[in-house]
Structures are given as C-alpha cells and as structure tokens.
Amino acid sequence: MKRTQKPAPKKTLKTQKSRESAIRETQNVTAPVQTTLESRIVRVFFSSPFRGLEMEREELAKKYWPWLSSLCSKAGYEFVPVDLRWGITSEKMSNASTIEVCLREIDRSDLFVGFYGQRYGWNGLKDEHLQRNFDVASCKYSWVKNYRDRSVTEIEFLHGFINKPGMKPACFFFREKAYDEKMAKSGNIDEACKYKDEPKAIELLRSLKTKIKTMKDKCCDFVEDYPDPTSGAQYMFEAIKRYLEKTILAKPAEEKSDIEKESLLHEAYYLSRLGVGTKRLYVGGEANLKEVDRHVVSDLKGFSDKPLLVLGDAGFGKTALLANWIDRHKRKYPDDIIAYHFVGSAPNSTSEKDVLIRLVTQLTLGFDQTPNTSKTSSKTKDTTTTKATASPLIAERNEKLLKLRTCETYDIYRKLTDVLKKISESGKRAIIVIDSLNRMGPVHQTKQELYWLPTELPNGVALLVSTLTTDVARTKVWMEDRHWETLEVKPLGSEQKHTIIKEMLAMRGKELTPTQAKKIVQKEQTSNALYLEIFLQELCNFGDFQKFNGHLVSLLEANSTKELFVKKIRQLEEDFNPPKLKENTVGKVLCCILLSRFGLSDQEIKEITGIPDQLWSSIFFAMEDFFVIRRGLYNFAYEDLADAVREKYSKDEEIVRGYKITMVNYYTKKLDEFGQHNFLVGKIVDRIADELPPLLKQLGKKEQLKDAVSNLSVFRALFSRPDSLYDLINYLNFTHKYGRNISLMYVTSLDKHADVLRDKRKTDSDTFTVKDLLAMAYDIAEVVRESGHSGDAVGVLQWAIKLQKEMCGSEGIYEDSTLTDLYIGIIDKLAGLYCDLERFADSEELHKTCLGIKESLQGSDQNRKADIAISLNGLALVYQRLGKHDKAMEYYQKCLQIHREELSENHRLIGDTLNNIGSLLFGMDRFEEAINYLNSAVKVYEVCYFGIFHPDLAGSLNNLAICYRNLNEMDKAGSLLEKAYEMAVMAFGHRHPDVAERLINLGVYHQHLQQYDKALEMYNKALDICKESFGDSHLRTLLVMENIAGAYVTDGKHSQAHRFFKKAGEVLYKQGRMDASLPSLNDQMLHYYVNNDRKDDAVKLLDRLIDSSVAKPVYFITLEQLDTECKNYQQVQRPNNYTVEHAAERFPLDPDILEFIINVTSKCGNVERMLHVLKAGKYDCGACNQAFSQFLQHGYRREGMNILEYAIEISPYEWMTYYNLAMVHAGYGEYIIAITLLRKAIVVEPDVLVLRETLGKLLMATGDADTAKSELQVALKLAKGDQQNVDKIEDLLKKLG
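Residues numbered from 1 in each chain as written. Predicted model: local features only at pLDDT ≥ 70, side-chain atom pairs only at ≥ 80, totals over all residues. Heavy atoms only, no water.

Some details on the overall build of the chain
Note the cut-off: Each helix is a run of DSSP H or I of at least 4 residues and each strand a run of E of at least 2, with the numbering of both proceeding from the N terminus. Note on exposure labels: buried denotes an accessible area under 20% of the residue type's maximum, exposed denotes more than 50%, and partly exposed covers the range between, all computed with a 1.4 Å probe on protein chains only. Only heavy atoms matter for contacts: two residues are in contact if any of them lie within 4.5 Å across the pair. For the area figures, the Shrake-Rupley method with a 1.4 Å probe applies, and any residue is considered shielded solely by the protein chains shown.
Across its full length, the chain holds 59 helices and 12 strands. Every one of the 1297 residues in the chain was classed for burial, and the buried ones make up 52%. The long-range fraction of contacts in the chain, counting pairs at least 24 apart against all pairs at least 6 apart in sequence, stands at 70%. Counting every atom, the chain has about 60100 Å² of accessible surface; 49% of that belongs to carbon and sulfur.

Right, here's the structure in full:
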C-alpha cells in the first residue's frame, strides 16, 4: 500500500496513523539489542546507494544521529551509526575490499537500516574492480559468488535481512518515484544521473523491493514510498527510536545479561586458535599437551596436583596449546567440568571480576548438568515440555548472572571456592583454564596481584594459567610465593615453521619455492609464532608477483616483532591513507590510541581523527588481531606494536604535539557540551576525566588544566575513584594551586551552581539539587585536606553549612533523611578538621553538637547508633590529642562496643577503632597493650580489605613498628616498616605520597641505627616523590628536605646538610610555616654556622627563626652577638622585633635574656637599656638587684642607683633593695638619704640585724648619738647568740658612751 499523504513539517515527531508500517511484536523484533554489556555500544548500519541519497544521510547526520546519541547515552549506551558510503567512492577502493568490509560491519551491527531511491547502485558483471571485490568477499562469504550481477547495496540487503529474515532487526524505506523523476529533470547531467538508472537495473531494484515487501512482517518497519529526503530521514529516526525504546531504553543496560553470547565468544576464540590451515593443524608439540595432562589426570604417571603456569614470549603459542588441550580433553573426558577463560577474547573479559564471574557461571552450570540426570531425562521427558521450559531456564540463568555482576569481588571469590568444594565432594573433576593473564587490564594500585585466585585447591580441581615470561609481577607470585610448577613454551623449530608456512599459504591458494621457504625458516625471528604469523600475512597481502622476492627480502630485514610491526604500519599507510589528503590518517589513528591513557572507543577514534567509517573499518579489520578491547576501548594487544608506533611517529615532536592538541580539543568540546551546570553526567565524563587532564599536563597547559579539574563533572569523576584522587592532587599541584587557592577555585564553581538553584527560572536547575552540591562540597573539602591544607578545607565546609541553611532552613535539614545525613557528615568532617588544626575546643564543641543531633534522631532511626559511635571516636581523638588519655580511652571503648553490637566482626570501622586505641596506648607508653590492639586491627583489615593493600592496613603495621622500636625490638620494627612500605608500593606504585611517608619512616629507622647512607637513600626517594606529587614548595616536600639535612647533621656532615636545610627553611619562612620546621635541626645548624665562621648563614637563619612562632630568646641574643662582631656594628640597624628588647617583651622573665643584657649593659653602664629590658621583660626585684650588682662590680655605682630605684618602684616591700640603694648613697656621703631608705627597709622588715646595725652607724656618722644608740641596742638584741656580731655592736655602743 502506497502512501497517499505527505507529512507536514512538525517540531515534534509523531507517526501519522495513515502510514502503513509493520512493527512486529515478536522476539526477533523487540529482542534486546545485541550489544556487549560493558562496552554499551549500539551499532546501526545504514545501507543505500550513495549517489542520489546524500540528502537523507546529511539530514540524519546533522539532525537525528545526535538525538539518538543523546537517547542512548542516557540509558548508558553509545550510539554508533555505521555509514560506509560517506565520502567513499568505488574508484578509490583500490584494494577491492569494499564488499567484504561492508558485510563484516553488518555482522557486528545491531540494527540494519536500508533505504533506496530509484537508482539501483554500483553493479555490473563487466566492472573488473567490482568483480575483484566479489572475489575478495567470497573468501569469507562464499554465497556472494551467486550474486555477481547484483549491486553492492542489494548484497548488503541480502546479508543484513533477506538471507535470514528476522535474525537481525531491520527496517527499510523506499523513496517515491515522483521525487526522483523531478530531480532527474533539473540540474546538470551529473546531478540528473543520481536519480535514474538503466532498465535492467530498474528491474533488479523493483524485484528487490517486492521481495522485501513480502517479508515486511519480519521487519521493524517498512515504508514503501516516502516523499522526500527530509521525510525519509524522519521516518528512519522514528523507526530506530521506537525500536530502541522497546529494547535498551525500556530497561537500563546494567540489568541486561548475555551469558550465552559471552560463552560463544570464548568458544569461537579458542576454536580459532586450534591450528593453522584448512585442517587446523596444531604444531605446538605433543610433549606440551602431555605435560598439561600430568597436572590434571590423577592416574597418569608423575601426576602433580600443583597448578601449572604456562610461560612464553608473545606469540610463542601458549593460547594454541591451551585451546588444543581443552579440545582434546573435552572429547576424551566428557564428564569433566572445564571452565575456560581467554582474556581479551570478549569485551567482558579483562578484569578479575570478569574472570571470576565466568568461572563461577561455567562451573555452576557444569555441576548442575550431571550426565546421569541428562540421560534419564532424555528417555522420559516430553519434548514439548522441554521447549516450554527452555526460556524460563535461560531467564533464570541470566538473572543469576545479573546478580553475580552486582556482587563484590570478595563475594564472587567465595562463590568460586564454594562451588569448587561442592564439585570436589561430589567426586567430579574440575579444570580451570585462564589464558593470557598479561592481557588483563592494569591491576588497581590498591590490589594485590592475583588475590582473586584461590591459594589452595580442593582435591580433583586443576588450575592452568598462561602469561608472558616478562609478566614479572604475576610470575613472581606464582613461582616464589605459591610454588606453582611451570611449563615454558619453546620457540618454533624448523619442521614446525615449514608446516605453518605451508598450511597458511595453502589456505590462501599460494605456495613458496623451496628457496623462499628456506630463507624464512632460517630467519631466527620466525621462531616466534607471532612474528611468523605477521610475516606470512604480509606476504599473502602482497599482490605484485614481479616484486614478490624484493618484498620478501624487505620483510626479512625486520630483526624483531617490533620492526615487523613498523613495516606493517608502513603498508597500512600505503593501503589506507587517502591519496588526496596530506595528513597521515593511519598514523593519526595509531598515535591517538598510543597517546591515550586507557585506549579509545570506536566513536572517539572516528571523531578525534575525522576518519570515515569505512576507512576506520578497513584499518580495524587489518589490525583486528593486534588490538585488545577493554570495556569498549581499543588498545594495543602487544607491547611490540606500541613500541613500533612509538618508533614510527614519536620522533617528530611537533606532530605528536599536534595529535595531543587534537585530542585535547575533542575532549574539551565534549566537556563543554554538558554545560557548566551539569555534573551528574556519569560515565561519559569519566572518559573525559581519564584522558583530558593528563594530556593537558603533558602539553604544559596549566590554565586549561586548571579549568578542566575545576569543572565539577571532572572533579567528581576523579574523586570518586581511589586511584584517581592523588592524580587530582597532582594536577592541582601542577597548576600551582595549593590550599586556599584550591578551595577558592572550587567554592567559586559551587557558588555558580548555587546561583542556578537560587534562580528557579533557570531551566537546567533540574539537573542537580542542593543535595548534590552539598555532597560535592564535602568531597572538595576532602581533597583540600588530602593535599595538606586542612585549614583551607574548613572554609569549604562552612560554605556548605551556610548553603544548606539558606536553601533548606534550620528545621528543613531534619525533614529529609538525605539532607540530615549530609549535614551530619559535614559537621563530623569539620570537627575532625578542627582537631587536625589543634582547635581542640572548637572540635570538641562541634563533635558534641553532632552527637546531640544523632542521639535526638536515634528514637526514630535505630541505624543512628553507628553514627553515634563515629562522634564518640571523634571526641576520643580530641581528648587523645589534648593528653586526656583516660577520657579518650573511655570514649574509644564506648565506640568499640557500639560498633561490635551494630556491625559485622570484620567491619572497617571496628578496625579503625582498634587501631586508634592502639595508637592511644602507644602514646601512654603502654607498648605491649598497644601491640595487642594493633594486631587485632590488622586482622580486621586483612578480611575487610580482601586482596587490597589498603593504607589503613599499612598504617596499623607502621604503628606496630613504632611500638617495637620503642621496646628496642629493632628487628621486628624494621620488618614491619619494610612490609608497610612494600604494601604502599603495591597499593599505589613507587611514586605515591603514601609511599613517601613509608620511606621517611624507614629513613628514621635507619638513622636511629646510625645507618646514615641507607637513611639518606630512603629520604631522597621520598623527596623525589613529594616533589612530583606536591611540587617543590609543598610542606611535605620541605619536611623531607629537613630530614635529609638532619641525617647529614647527625653524621657530622653539616656542610652537606646546608643545601637542603637552607632551601627548606627559606620556603617555609615565605609560607609562614616555620612552626613546622624541626627545632633541634635549627639549633644544630645555627651552632654550626656560628662556630665555623659562617656568620652570613647564621644571620639569615636567625632572621627566619626570630620572625616566626618558633623563636627562642637565644636566637635574639645570638643575632646581637653576631651583629656586635661585625666591623660595621654601629651601622647595623634592625627592626625592633629583632632586638633583645623585643625578645624580653616576647619572653617575659627569661633568665638568658636577663643574663645577656646585664652582661652587655653593665660593662658600659648603659642603664637606660638595662631599665628598658627589665621593664619589657617584667623582671622582679631580684633581677634588678642582680643587675645592680654587676653594674656596681664594673664601677657604675651611680647608674646602678637607677636600677635600684626602679626595683623599689615595682616592689616596695623588698628590704634588700632599700638596703643596697642606701649603701650606694652612703658611699657618696649622702647619709640623710641613706638613713631614710634604711628606715623604709626597717618598716618592711624590722628584725633584720644588718639594717639596724647599718642605720646605727650612719646615725653615728651624722652625730645623732642618741638615736644611733637606740638602733644599736635593738641590733644587739637581734644579734643575741651570734657572739661575733654581739662583740662588734658592743664596741660601737662603747664608742657612744
């Protein structure tokens, strides 16, 4: 039925009811898109003649593909339109692979979309180039030989739908004849040719259309006559959109499971590796197969129950050996359960979780399908029942797989050990085969190597694993730690080479002369099967017979697999670089993959390089065996290939830089597309965060890097992954963003988002909520704290609290449980930061406030008990830092009790609390008790952090080491410190800040043992890491430099310490962080400078120390002493805050300052300065008398009188001061003044003998005999018992008569 009405243009796309379109509600139409779960890619193949249908393609590309891409991305998929006609003409495809490439792309597509005008397309039996295309395609698709008279487009229609209707979702659209007739009459001749064809071609097109129309019930959609290109593109979009809505958009991608497809991919992979040639001959050697048998079949002579590790260089045939062993064993022992996993054979196959899931699934299914049950059932069960129950059984298995994917790795590991135990107890035999472990994705820095493989296997279970000989980390674990046995696959021998050469060439209908074959066999490198395979592929692909010998000789010049890859790349350039383009497209694609951090997706490769679909497909298929796909990202499967790309292209730095800039521009544009106010875009931004920042850092583009990491989407992606947190800090340091700069940068960004929330008129405010902003602020504060700036993190959290109260109100916080949790979390973290900053009163108050909130909420939510324990832990830490050990212990124990009541016995929080108690006991010098708690913490961490070298675990080991060091058990301390260091390295690699901390602890340990060279080695390694991670000016970097200086000083090498000490000190001073400097090191270096005539260095050091919170009185004294020694002392003018006078004011009553100033001023009689210091330092009367004594000693009696007068002023009740001053006046003959002073002293202390006696003498001197006699009589009474004084006073009385 033809369409009778043309659609009117509409903004919203609605299907008109009058259009007859078959949308069949059957499984083959509405079945889930056949995509791989983890790659999440939807491929749609668009098939049509190119000429005459350009407008439809342009309309699709500009208008609808971005729309479909958006729809798919929201469901977690990437939309990939496969358009092999775009920009490609038949004349340009000189390698005659057009048809083959098209059909292969159809094979890996999920939906087929065909559309036609009135032109049939490229066809012709007399077209030699086209017929060569049929020849090439027929090698893989033999059926095409029967359709040599058909167009390429019809061949695509046949393969995509007609040959197997309904097997692949498909839809078809035919443009009405009137449009083409109209277009054929207008324009020039070349344009008109696009819309008409020869009679024979027209008849073939009519036949094709009729054939599809008869099958339209098996199509997703069929439109017989669309009026114009705009309408046609719209109908195609609607059909695709409806189909996607019934499949991937109807159910999130994560909920799909595809166990059968996964198994088929692994099976197809191992079958393809069985051998060479049409006979699939295995040339790996019978001896190797028997050796594998020896580790599986228990009744064989020499049986070993140890796992077997198959080793060999890349391309030596490890996979072929295991594939052939599996094939043979399955036939010989059909009752055995074999679970095999070929890493890299499927997109879902390169992580430890992937491997475990597949092993558990295969073993479980194998165990459930017992041979006895199967035989019995086959005799009795009804076939109808079997068919009826098949789908539910598959659904049940897929549901189990789905649940398995959501499990933690540890849970899957336990399921593996459980099923192996069941199999063993049943008496069956199970074999696990894992091939090419070297192809697995990079091991997470916080995970142990091979932690996910059982260390012990039950009886009847065999384990076979293969990897590269150069896979050092894993082979070390297997061979040294687990004591596995090994089988090394040897290089190919001459006979094996001859067989491979003969069989591979015969399959392509080719043959070498004996001389040519001999040259290949004699080449040493052809002993490597990978080298030989690539070599023979290149020979087979070469078509010029006259130049064949020269090509063979050229290939033989390659002395390594890398060099052979270089030659292959050159051939790719000749084959696929478009002749009219100056740009090296092949080089650009390979370089971009090399320069990427984790690889590139299909879509990224095409969009970054601008490569047309067909050209990328051609390059991909030419290199397919040498790529590995991890989570949908293409990367090189062999390091030799990566080295070849590096050698071929990396020499020209400008070209490489250009590629990096191209990639930066691509990811920057992608980031911009999400807008400034959408940081909840998830996995798509993860890719940008993976690739953009490292590229910008490599290019040295600090401002762009700052913009990238300040984008909240990128921040969220980096922060959410533990391995990326320090990457984020590293990027920030590279941009010279520290502390307050970081917090201000992110708070500015948060403010912009908050403004969106405040302005409800913004349409994009629905993309995030206040909860999202609060969570983001919490994470930002954590980054600022981790970067070593706890104080600046406080401001971020205070901003979050202010926003929450503004947007929600004080009471609104408690009306939403999520908001409540966020508020509590922010308060908890803020209280912890206050404790870090030693603002203990603030920390305690905030912890108590938070505790009160939690306790008030506990009545309605019993889960709050765990939250309460967190506050108790925080308070305990405050009390511990304040030295209130008993109170801290009380709170820690309460916290531990709650955790043990509420949590599992191996929960992380229990480990944290045990560790904290251990650290508290350590601080109380209760080392034995501390060790018990720390050991308990270690046991908890080892369980809860299964397979992970977590910093918490390393921290507990470090604390244990310090305990043992204090108990002088240095061997234990050393071994634990080494272990903590090794764990940090395994967790984070050699260049991580945590590793630097462990190196510092090791350095201190070796320094304690006087092993200074070893200590310096540790410190210098730590310094390199800190510089790289935080920059030259970061506090951690500077403190390591001081440690280095300290080691040199302890070793008596002060001159070598100077460089490190000086640089660290100068930067600390500029940053106002001298309080973090080591006091003892400063004192030792000052002593060295002063005593080794390095006065300039001493003065500079004193300048830094005096103008800081760590200043000591001795620093001011030493500075003045150095100034005094200067020849131009009189010209030395220092600010008041560098003077001893200022020191006296800053350090009241300091005895060193008093002693120094007395010594300096008494020698010259500078009483004014002496008095200034006495007043500034708030010294007492005793200090004044001490000063007076020195002044008197140096002959400055009159000046000393001023000191005594000041002493009386500040302390009028000290008789000694009056006495001293009286004696000075008496010395000058000023008896009346002296007598007055003595009378005042007697008022203060009437019973002092010396006062009465002296007063009597002075009265005698003035002629006042009566008064003198009276005072001496009092003195005589006071002297009673002291005969000497009695005699002396009696003599005086006698003189008075």
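Examining the sheet that holds strand 1 (residues 41–47)
Backbone hydrogen bonds are what pair the strands of a sheet, in a parallel or an antiparallel way. Rules: Here the rule is simple: two strands pair whenever DSSP picks up at least two bridges between them. An axis is simply a line fitted to the C-alpha atoms; with a helix, the fit covers only the stretch in contact. Between two such axes, the angle follows the N-to-C directions and lies from 0 to 180 degrees.
Strand order in this open sheet of 5 strands is 2-1-3-4-5, and the pairing throughout is parallel. Taken across any chain shown, the strands that pair with only one partner, and hence form the sheet edges, are strand 2 (78–82) and strand 5 (221–226). Direction aside, the axes of adjacent strands within the sheet are offset by 15° on average. Seen against the sheet, helix 24 (residues 602–609) touches strand 1 and strand 2 and runs at an angle of roughly 65° to strand 2.

A look at the packing of helix 22 (residues 561–576) against helix 25 (residues 613–623)
Applied cut-off: Should an angle fall under 35 degrees it is called roughly parallel, over 145 degrees roughly antiparallel, and 65 to 115 degrees roughly perpendicular, with every other angle called oblique. Crossing handedness: left-handed means the near helix sits turned counterclockwise from the far one by under a right angle, and right-handed means the same turn made clockwise.
Axis separation between helix 22 and helix 25 bottoms out at 11 Å; the angle between their running directions is 150°. Compared by their axis directions, helix 22 and helix 25 come out roughly antiparallel. Of the two possible hands of crossing, helix 22 and helix 25 adopt the one that is right-handed. Residues Lys568, Leu572 and Phe576 of helix 22 form the contact with helix 25, whose own contacting residues are Leu615, Ser618, Ile619, Ala622 and Met623.

Thoughts on the sheet that holds strand 8 (residues 430–435)
Read across the open sheet, the 5 strands follow the order 7-8-9-6-10; overall the sheet is parallel. Every interior strand has two partners, whereas the edge strands, strand 7 (337–342) and strand 10 (485–488), have only one. Put simply, the sheet's adjacent strands are angled 15° from each other on average, direction ignored. Packing of helix 11 (residues 286–294) onto the sheet brings it into contact with strand 6 (308–312), strand 9 (461–468) and strand 10, and relative to strand 10 it is tilted by some 165°. Across the face of the sheet, helix 12 (residues 318–332) comes into contact with strand 6, strand 7, strand 8, strand 9 and strand 10 while running at roughly 155° to strand 8.

Considering the side chain of Asp354
When you line up the elements, Asp354 lands in helix 13 (residues 352–368). The residues contacting Asp354, other than those within four sequence positions of it, are His341, Asn348, Ser349 and Arg631.

Here we look at the packing of helix 54 (residues 1197–1210) against helix 55 (residues 1215–1227)
Stated formally: Residue polarity is assigned by list, with Asp, Glu, Lys and Arg as charged and Ala, Val, Leu, Ile, Met, Phe, Trp, Tyr, Cys and Pro as nonpolar; anything else, Gly included, falls into the polar class.
Packing of helix 54 against helix 55 brings their axes to within 9 Å, and their N-to-C directions diverge by 150°. The angle between helix 54 and helix 55 places the two elements in the roughly antiparallel class. At the point where helix 54 passes helix 55, the crossing takes the left-handed sense. Every residue of helix 55 that contacts helix 54 at Arg1197, Met1201, Leu1204, Glu1205, Ala1207 and Ile1208 is listed here: Thr1217, Tyr1218, Asn1220, Leu1221, Val1224, His1225 and Gly1227. Its residues assigned to classes, the contact of helix 54 with helix 55 comprises 7 nonpolar, 4 polar and 2 charged.

Regarding the nonpolar core
The test is simple: Throughout, nonpolar core names a set of buried Ala, Val, Leu, Ile, Met, Phe, Trp, Tyr and Cys residues whose side chains join them through atoms within 4.5 Å.
If you look at the biggest cluster of nonpolar residues, it comprises 247 residues, and the most contacted ones within it are Phe535, Tyr746 and Leu1174. When sequence neighbours within four positions are dropped, the list of residues in contact with Leu1174 reads Leu1154, Tyr1179, Ala1183, Cys1184, Ile1203 and Tyr1206. Counting 34 residues, the second-largest nonpolar core is a separate cluster that includes Val82, Leu103, Ile106 and Tyr120.

Topic: the pairing of strand 12 (residues 633–636)
Covered by surrounding structure in strand 12 are Leu633 and Asn635 together with Tyr634 and Phe636, the residues of both alternating faces. As defined by bridge partners, strand 11 (residues 627–630) adjoins strand 12 across 4 bridges and the pair is classed as antiparallel. Looking at strand 12, one finds that Arg630 is bridged to Leu633. The hairpin formed by strand 11 and strand 12 contains 2 residues between the paired strands, and Arg631 there has a positive phi angle of roughly 55°.

A look at the side chain of Ser710
Looking at the secondary structure, you find Ser710 in helix 29 (residues 702–710). What Ser710 contacts, discounting residues up to four positions off in sequence, is Met745, Tyr746 and Ser749.

Re the pattern of salt bridges
As a reminder of what qualifies: Criterion for a salt bridge: a side-chain nitrogen of Lys or Arg within 4 Å of a carboxyl oxygen of Asp or Glu.
This model, assessed by the stated rule, comprises 57 salt bridges. A salt bridge links Glu639 to Arg646, with the nearest nitrogen and oxygen atoms 3.8 Å apart. Overlapping salt bridges, with partners in common, bring together Arg43, Glu105, Arg108 and Asp602 in one network.

A short note on helix 13
The condition that has to hold: What a helix should span is 1.5 Å times the count of its residues minus one.
For helix 13, which comprises 17 residues, the first-to-last C-alpha distance of 24 Å matches the rise-based estimate of 24 Å (1.5 Å per residue) to within 8%. Within helix 13, the full set of buried residues consists of Glu352, Asp354, Val355, Leu356, Ile357, Arg358, Leu359, Val360, Thr361, Gln362 and Leu363.

Digging into the packing of aromatic side chains
Note the threshold: A pair of aromatic rings is counted whenever rings of Phe, Tyr or Trp (Trp by its six-membered ring) have centres within 6.5 Å, and the orientation is called stacked for planes under 30 degrees apart, edge-to-face for over 60 and tilted otherwise. Our definition puts a charge over a ring when NZ of Lys or CZ of Arg is within 6 Å of the ring centre and also within 35 degrees of the ring normal.
Under the definition given, this model contains 31 aromatic pairs. Pairing Phe1116 with Phe1147 gives two aromatic rings, centres 6.1 Å apart and planes at 65°, and the pair type is edge-to-face. A residue pair is termed long-range when its members are at least 10 positions apart, and Phe1116 in helix 49 (residues 1113–1125) and Phe1147 in the loop between helix 50 (1140–1146) and helix 51 (1151–1164) qualify at 31 residues. An aromatic cluster is present here, built from Phe45, Phe112, Tyr116, Phe157, Phe161, Phe172, Phe174 and Phe222 joined pairwise through their rings. We note Arg439 situated over the ring of Tyr638; from NZ or CZ to the ring centre the distance is 5.3 Å.

Some remarks on helix 47 (residues 1079–1091)
Condition: To be clear, the arc concerns the directions from the helix axis to the C-beta atoms.
With 13 residues, helix 47 extends 18 Å between its outermost C-alpha atoms, agreeing within 8% with the 18 Å of an ideal straight helix rising 1.5 Å per residue. Within helix 47, burial applies to Leu1081, Asn1082, Met1085, Leu1086, Tyr1088 and Tyr1089. Taken around the axis of helix 47, the buried residues stretch over an arc of 160°, which confines them to a single face. What points out from helix 47, more than 90 degrees from its buried face, is the exposed set His1087 and Asn1091. Of the surrounding secondary structure, the elements contacted by the buried residues of helix 47 are helix 45 (1035–1050), helix 46 (1054–1070), helix 48 (1095–1106) and helix 49.

A closer look at the environment of Asp1097
Positionally, Asp1097 belongs in helix 48. For Asp1097 and Leu1086, which are 11 residues apart along the polypeptide, the C-alpha to C-alpha distance reads 8.3 Å. Excluding its chain neighbours within four sequence positions, the residues that come into contact with Asp1097 are His1058 and Tyr1089.

Some points on the confidence of the model for the chain
Selection criterion: pLDDT is a residue-level measure of predictor confidence that goes from 0 to 100.
Residues of the chain with pLDDT of at least 70 account for 85%, and the chain-wide mean is 82. Scored below 50 in pLDDT, residues 86–92 shows 9 contacts in the model against residues more than four places distant or in partner chains. Under a pLDDT of 50 for its full length, residues 761–765 has, in the predicted model, 5 contacts with residues more than four places off or in other chains.

Here we look at the environment of Cys808
If you trace the backbone, Cys808 turns up in helix 34 (residues 790–812). Expressed as a C-alpha distance, the spacing of Cys808 and Val770, which sit 38 residues apart in the sequence, is 8.7 Å. Apart from residues lying up to four places away in sequence, Cys808 is in contact with Val770, Ile813 and Leu819.

Some points on unusual backbone geometry
Unusually for a residue other than glycine, Leu1149 sits at a positive phi of about 65°. The topology assignment puts Leu1149 in the loop between helix 50 and helix 51.

Looking at the environment of Thr98
The residue Thr98 is located in helix 3 (residues 98–107) in this model. The exposure class of Thr98 is buried, given its relative accessible area of 4%. Each C-alpha atom, one on Thr98 and one on Asn133, is 6.3 Å from the other, the two residues being 35 residues apart in sequence.

What to know about the state of the cysteines
Worth spelling out the cut-off: Cysteine sulfur atoms are paired as a disulfide whenever they come within 2.5 Å of each other.
Counting across every chain of the model gives 0 disulfides. With no disulfide of its own, Cys592 lies 7.0 Å from the sulfur of Cys591, the closest cysteine sulfur. Given a relative accessible area of 1%, Cys592 falls into the buried group.

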